[in-house]
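# Understanding the architecture of this molecule
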Amino acid sequence: MPDADAGPGYYAYLTYNVPLSTMRAHRLVAALAAADPRTVLDAGCGWGELLLQVLACVPAASGVGVDTDPRALARGRANADSLGLTDRVRFVEAAAAEATQEPADVVICLGSSQAFGSSADALHALYPLLRPGGRLLFGDAIWERPPTAELIEQLAGLGTVTDLAGVVDIAIDAGFRPLSIGSASRAEWEEFESGYLADWEEWLLGNTKHPDAGHIRAAADAHRDQWLRGYRDVLGFSYLIIGRSA
Ligand SMILES: C[S@@+](CC[C@H](N)C(=O)[O-])C[C@H]1O[C@@H](n2cnc3c(N)ncnc32)[C@H](O)[C@@H]1O
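Parameters at a glance
- Residues numbered from 1 in each chain as written.
- Predicted model: local features only at pLDDT ≥ 70, side-chain atom pairs only at ≥ 80, totals over all residues.
- Heavy atoms only, no water.
- 1 Å grid on protein atoms, 1.4 Å probe; cavity = no way out; pocket = protein on both sides within 12 Å on 5 of 7 lines; lining within 4 Å.
- Points joined across faces, edges and corners; volume = space filled by probe spheres on them.
- Nonpolar A, V, L, I, M, F, W, Y, C, P; charged D, E, K, R; others polar.
- Domains from an automatic or database assignment.
- Helix = DSSP H or I, 4+ residues; strand = E, 2+ residues; numbered from the N terminus.
- Near = heavy atom within 4 Å.
- Polar contact = N/O pair within 3.5 Å; in protein donor to acceptor, adjacent residues only side chain to side chain.
- Areas by Shrake-Rupley, 256 points an atom, 1.4 Å probe, with all protein chains shown as cover.
- Sits in = over half its atoms within 2 Å of the grid points.
- Patch = residues over 30% accessible without salt bridge, like charges linked within 9 Å, V, L, I, M, F, W, Y side chains within 5 Å.
- Salt bridge = Lys/Arg side-chain N within 4 Å of Asp/Glu carboxyl O.
- Lys, Arg positive; Asp, Glu negative; His and termini not counted.
- Charge placed at Lys NZ, Arg CZ, Asp CG, Glu CD.
- Contact = heavy atoms within 4.5 Å.
- Buried area = accessible area lost by both parts, 1.4 Å probe.
- Axes fitted to C-alpha atoms, helices over the stretch in contact; angles between N-to-C directions.
- Parallel < 35°, antiparallel > 145°, perpendicular 65-115°, else oblique.
- Left-handed = near helix turned anticlockwise from the far one by under 90°.

## Here we look at the layout of surface pockets
The method is simple in principle: a probe with the dimensions of a water molecule rolls over the atoms, and the space it marks as empty is what remains. The space that makes up the largest pocket amounts to roughly 1,200 Å³. Forming the walls of the largest pocket are 48 residues, and the residues nearest its centre are Asn17, Val18, Gly111, Ser112 and Gln114. Partitioning the lining of the largest pocket into residue classes produces 24 nonpolar, 18 polar and six charged. Split by domain, the residues of the lining of the largest pocket number at least three in each of domain 1 (4-8 + 188-230) and domain 2 (22-185 + 235-243). Looking at the lining of the second largest pocket, the elements that each hand over two or more residues are helix H5 (149-154) and helix H8 (213-231). For the lining of the second largest pocket, the leading source of residues is H8, giving four residues. Residue classes in the lining of the second largest pocket are distributed as four nonpolar, four polar and three charged. Each of two domains, domain 1 (4-8 + 188-230) and domain 2 (22-185 + 235-243), supplies a minimum of three residues to the lining of the second largest pocket.

Okay, structure coming up:
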């Protein structure tokens, strides 16, 4: 039963704050670990789950996660501690575009292009943060199907969104070559959206009479409606592993 005073959870039902299945995560981590990095940078890391998984696979690697969200970073530090990775990872509270950072062998930017501006801004800014010969995992919103004008307006906060071919073009234009191209499945989106909403829904079940219940219920209903009647199957999410030449 949730603790009413604590309010709804904070991404408590999500392993990753993007539509990412365990199976795809394992494949992505294996591909990044195969590059045998010594340094890994996660820009807009949240709690840095994928960063930690790469470090767990590559004992010689150390990593830095940068994010502006102190609660997410605290979760990352706690997870690093329980995995015995504290000595090999730093979670830094900073704006990714402003954090001074040495180029890394592997860079991760998952769902965090907004930290740099548009997708193109992000890919151009990430290029010098990746060592020559390195690998970048870039996950970003895309259109799976052409959106209506109404949907573009509703999701204006995402900035300019392109399709999968478009984001690959942008990556190539920024100097990368594509090594692996994928996009989130409907099942990944359903798991992600359900997990996102579960903070509110689980809390509401145990707190029907709480003074905050009305606005939390309204927020949950509005989000679910926007997903199921709006962007479901239209908004997608790309997973690119792209390389910088040696
Ligand atoms: C969709 S979440 C993805 C988090 C993480 N990459 C993951 O896959 O779970 C986007 C993250 O970007 C972070 N963020 C937003 N603006 C940022 C900025 N200017 N600098 C660093 N992080 C930022 C947010 O705090 C949030 O944790």
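## Points about the site of the ligand
Within the structure, the ligand sits among 17 residues, and Asn17, Gly44, Asp67, Ala96 and Leu110 are positioned closest to it. Here a nitrogen atom of the ligand and a backbone polar atom of Ala96 are 2.9 Å apart. Burial of the ligand by the protein amounts to 81% of the accessible area it has alone, namely 590 Å². Given that more than half its atoms are within 2 Å of the pocket grid, the ligand belongs to the largest pocket.

## Details of a negative patch on the surface
The grouping of Glu144, Asp163, Asp169 and Asp173 at the surface amounts to a negative patch. Turning to its location among the elements, Asp169 is positioned in helix H6 (residues 164-173).

## Quick word on the domain arrangement of the protein
Examined at the domain level, the protein breaks down into domain 1 (4-8 + 188-230) and domain 2 (22-185 + 235-243). Each of domain 1 and domain 2 was reduced to a C-alpha centroid, and the two centroids are 27 Å apart. Facing the four residues of domain 1 at the interface are ten residues of domain 2. Interface area lost by domain 1 to domain 2 is led by Glu188, Trp189 and Gln226, which between them contribute 85%. At the junction of domain 1 and domain 2, the tally comes to one salt bridge. Linking Glu188 and Arg24 is a salt bridge whose minimum nitrogen-to-oxygen distance equals 2.7 Å. For the pair domain 1 and domain 2, the interface holds four residue pairs in polar contact (both at pLDDT 80 or more). Of all the secondary-structure elements, those providing two or more residues to the side of domain 1 that touches domain 2 are helix H7 (186-206) and H8.

## Here's the deal with the packing of H7 against H8
Running from N to C, H7 and H8 point in directions that differ by 165°, and their axes come no closer than 9 Å. Judged by the inter-axis angle, H7 sits roughly antiparallel to H8. Crossing angle aside, the handedness with which H7 passes H8 is left-handed. Contacts between H7 and H8 pair Trp189, Glu190, Glu193, Ser194, Tyr196, Leu197, Trp200, Glu201, Trp203 and Leu204 from the former with Ala213, Ile216, Arg217, Ala219, Ala220, His223, Arg224, Trp227 and Tyr231 from the latter. Partitioning the contact of H7 with H8 into residue classes produces twelve nonpolar, two polar and five charged.

## Side note on the environment of Thr86
In this structure, Thr86 sits in the loop between helix H3 (70-82) and strand S3 (89-93). At 3.3 Å, the side chain of Thr86 and the side chain of Asp81 are in polar contact.

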